[in-house]
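Report on the structure
Next come the chains, spelled out residue by residue.
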Amino acid sequence: MDLNDRARGSGSRNPRGGAGGGTGNTIKGPHSALTDYLQEIGVSRHFRERRRAETAAAAAAAAAQGQAQAQGQEQQPAATLEQQPTASRGGEGADSADAALARDLQDEENEEAEMADSGVGSSRMTTRHASRQHTVVAAAPVAAVVTTEIPEDTGKGKRAAKGKGAAKGKDKKKKKKDSDSEADSDENSDEADQRVGLNRSSARKGGRMKQCEVCDKRFLLRGEHEESERLLCPNCRRSIDRSQNEAAAVSKRAHAVTSSTAVPKRRRLKKTADGLLELEAGLPSLQDLCVRAIAKHVDQVESFGDISVQSLNKLCRIICKMRVLDEHTLGLFLGADRTSVVLYDCTRLTKDALARIVEMSPSVQTLALEYCGRLDAGVLDAFGVGLGQLASVQLEGAFLVDDKAWARFFRLAGPRLRSFQVRFSGFGPVAMRALITHCQGLEELRVSECTDFNGDCLGMLAAPLTETEEALQEPERLLRDSQSGGVAPWRPLSHLKSLDLGHPHLAMSSSAAMRVIGTLGSQLRVLDLSGFKDIDDDFLLLGLAPHSQHLQELSLAECNSISAEALTRFFAQGAETTMGRGLTRLSLNRCYLLTDAVMHAVVRHSCCSLRSLDLNSVDDNLSEKGLLAFAGHVLPAEEDEVVAASVVKGCPYLEEVDLSWVRCTSDSVMEKVLETCSRLEQVKVYGCPEVTIFAPARPGLSYVGRACDTL
């Protein structure tokens, strides 16, 4: 097959173009981001057409130059003259076309390399194949004209030119076939994508072309689509959702207007930085903002300067809550002029840091340390020796201080102490004996949840009755009176006004408690016997009732051995005789035997003085009738009729009440209670599902633990 046949065969295999033309060959395929960018900067169809025109012009110029050279040669025989210009012209024309093709391919490769270096990247392979295909087709007619009817016996140069032209034709045919096959595959891929609903941009993203049911526009759908849902384009979907939301808002407003009880807005609660109270979110004061800013950057503060005691206490609470109180920040709360040191969390303070209190604040009169687990006997001795004006001590969590260390401390600082409070420590009989002997001026005593506090310690608060009890206290009195040569008799704590012995770890007998109340009860204002599970009705009626004429605060939490009848008689006797002024604070926490009659007796006794009441978990026998006693619905002592609210006005001075786990508490009960208790500020309702968002509210009143506020 000669070059003409190869050229015609190459042109006939193009299903979309002409036999030898390049204008009908179009390559289709998905557009990439690079293709779009090249089109924006001008490297597109116009660029390829310009290159094609330049290639055709170069081929025509080469053919004209070859024809001019052939006309200037010498005359030869007729047979030779008819072929030699053609052959010469064909060989030179073919060489010129091949050179132009090579230059074109080289220029294209150089241009792609420059684009890749500049960050644009190379063009798609289909574009390069298309450019080569157009070049080959444009050069094919020239080769066909030049190589027609070349005889078998031509010269060596002519045979070489023919062989070279045949090789070029094979290469061109192979490139043309590759380009056609790639174009065919791209076209078949496009047609398959259109059949399944994919467009060129969504083929790589997993989208599908769908038709909107409302506006009949085609849109790209990505993700899964359920058959039950309507096919809507984004614009139609937004329009329908907006209409539905507007209709729902109109319906909600109409329901709120027609409803008898409008739904109040849920109160937004936030926890303050000190973490102690839950307050309504509002605009804090400038002082609170400054205090919080200082607490946040306390590591950069050198001194608080002239600051009030209230602000200093608030700063200390916040810093202790953030667990940043250590030996470096401790100095901010100490000073030579400090008379009160109150630290709410001493977890990160070493014993050396605690001993610095004596050096930096020797004039301290009130010392309160919580979670002071690293405080030992040596530091306690330093407090007793170095703090000469110490009058009030409150230590919680000092479990490294044993019984004998407390006794040494009382010998050093006992005569000047007016208040002593200790929790979670090794406080036992030796310490209690030293306290009774050396702390005669004590006005407030609290020994709570101490592991070594037993019945003997409790009996030391009363006069010794037996030789055994006398022997327990005599050694300490002998040590005190050693210089006088004799042993002074036992003396009670005659100035004691507040006694808190709550939650002992060991059992306390009811008889010992009666002896203590018989000795100190008439002078007590505050009494806390929480957790005394062995005290019974006799203690309440025979021991406490006759000696409680000055009692203002009483806690009998978890005293389950006292019956409801005894409680009713206790408050009834107080209302008639000695306890006419009533209690200001009462705790009956976890007294499961409490009934409605007890609540009515409490209100009759302390209706005009009660400010705080704790009824946590007294749910077994208490009903709404007992809670309504706060609103003035009080039963007389021996009648079943409800007395009018004008007879007993409920508890108008009540400020806080704990009704947690009292499930008879409801919105209707709270509404009636609030009508009478105008000063009520805090109501704890943990575990009360009937107290909902519809509960009555007013400025200054807060519900703590309400489910609708925390869920």
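You'll find the structure just up there.
Here we summarise the structure given alongside this text.

Cut-offs and rules
Residues numbered from 1 in each chain as written. Predicted model: local features only at pLDDT ≥ 70, side-chain atom pairs only at ≥ 80, totals over all residues. Heavy atoms only, no water. Helix = DSSP H or I, 4+ residues; strand = E, 2+ residues; numbered from the N terminus. Buried < 20%, exposed > 50% of the residue type's maximum accessible area, 1.4 Å probe, protein only. Contact = heavy atoms within 4.5 Å. Areas by Shrake-Rupley, 256 points an atom, 1.4 Å probe, with all protein chains shown as cover. Arc of directions from axis to C-beta. Phe/Tyr/Trp six-rings, centres within 6.5 Å; stacked < 30°, edge-to-face > 60°. Pairing = 2+ DSSP bridges. Right-handed = clockwise from strand over helix to strand, strands pointing away. Disulfide = S-S within 2.5 Å. Polar contact = N/O pair within 3.5 Å; in protein donor to acceptor, adjacent residues only side chain to side chain. Salt bridge = Lys/Arg side-chain N within 4 Å of Asp/Glu carboxyl O.

Along the protein, the regular secondary structure elements total 22 helices and 17 strands. The burial tally for the protein puts 42% of its 711 residues in the buried class. Partitioning the intrachain contacts of the protein with sequence separation of at least 6 by distance along the chain shows that 70% fall at a separation of at least 24. Carbon together with sulfur atoms contributes 51% to the accessible area of the protein, which is approximately 37800 Å² in total.

Here we come to unusual backbone geometry. Its identity as a non-glycine residue notwithstanding, aspartate 216 has a phi of 60°, on the positive side. Assignment of secondary structure puts aspartate 216 in the loop between β1 (208-211) and β2 (218-221). Judged by relative accessible area, aspartate 216 falls into the exposed class, the value being 52%. Residue serine 617 is not a glycine yet carries a positive backbone phi of 70°.

When helix α11 (residues 377-386) is considered as a whole, its buried residues turn out to be Ala377, Val379, Leu380, Phe383 and Gly384. Take α11 and look down its axis: the buried residues cluster within an arc of 165°, on one side only. Contacts made by the buried residues of α11 are with α10 (351-360), β6 (366-370), β7 (392-396) and α12 (403-413).

This next bit is on the packing of aromatic side chains. Under the criterion given, the structure shown has 10 aromatic pairs. Residues phenylalanine 304 and phenylalanine 333 carry aromatic rings whose centres are separated by 5.5 Å and whose planes lie at 65° to one another, so their mutual orientation is edge-to-face. Note that phenylalanine 304 is positioned in the loop between α8 (286-296) and α9 (309-321) and phenylalanine 333 in the loop between α9 and β5 (340-343), a separation of 29 residues in sequence. For phenylalanine 333, a relative accessible area of 4% gives the class buried. In textbook terms, an aromatic cluster arises when at least three aromatic residues are bridged by ring pairs, as seen for Trp406, Phe409, Phe410, Phe420 and Phe427.

All right, on to the environment of glycine 531 then. Counting through the fold element by element, glycine 531 comes out in the loop between β11 (526-528) and α17 (537-544). Distance in space between the C-alpha atoms of glycine 531 and leucine 501 is 8.9 Å, their sequence separation being 30 residues.

Moving on, we get to the pairing of β7. Along any regular strand, the residues point their side chains to alternate faces of the sheet. In terms of burial, β7 is a largely internal element, 4 of the 5 residues being buried. Of the strand pairs in this sheet, β6 and β7 are connected by 5 bridges, and their pairing is parallel. The residue bridging leucine 367 from the neighbouring strand is valine 393, located in β7. By the bridge criterion, 5 bridges tie β7 to strand β8 (residues 419-423) in an arrangement that is parallel. Residue pairing across strands places valine 393 opposite phenylalanine 420, the latter belonging to β8. Each parallel crossover has a hand, and the one from β7 via α12 to β8 is right-handed.

Overall, the coordinates contain 0 disulfides when judged by the stated rule. Looking at cysteine 372, it has no disulfide partner, and the nearest cysteine sulfur is the one in cysteine 346, 5.9 Å off. Not part of a disulfide, cysteine 688 finds its nearest cysteine sulfur in cysteine 664, a span of 8.0 Å.

Okay, the environment of glutamine 523 next. Here glutamine 523 is to be found in the loop between α16 (510-520) and β11. Each C-alpha atom of the pair glutamine 523 and glutamine 549 lies 8.6 Å from the other, and the pair is 26 residues apart in sequence. Residues contacting glutamine 523, with those up to four places away along its chain left out, are Leu493, Ser494, His495, Leu496 and Lys497. Separated by 3.5 Å, the side chain of glutamine 523 and the backbone oxygen of serine 494 make a polar contact.

It is worth spelling out the pattern of salt bridges at this point. Under the definition given, this model contains 11 salt bridges. Salt-bridge contacts for aspartate 345 lead to arginine 323; the nearest nitrogen and oxygen are separated by 2.5 Å. Here arginine 323 lies in the loop between α9 and β5 and aspartate 345 lies in the loop between β5 and α10, a separation of 22 residues in the sequence. The class of aspartate 345 is buried, set by a relative accessible area of 8%. Overall, arginine 323 belongs to the partly exposed group, its relative accessible area being 49%. A salt bridge links aspartate 619 to arginine 663; the nearest nitrogen and oxygen atoms lie 3.3 Å apart. Here aspartate 619 is found in the loop between β14 (612-614) and α20 (624-627), whereas its partner arginine 663 is found in the loop between β15 (656-658) and α21 (667-676), with 44 residues between them in sequence.

Nothing here speaks to function; it is all geometry.
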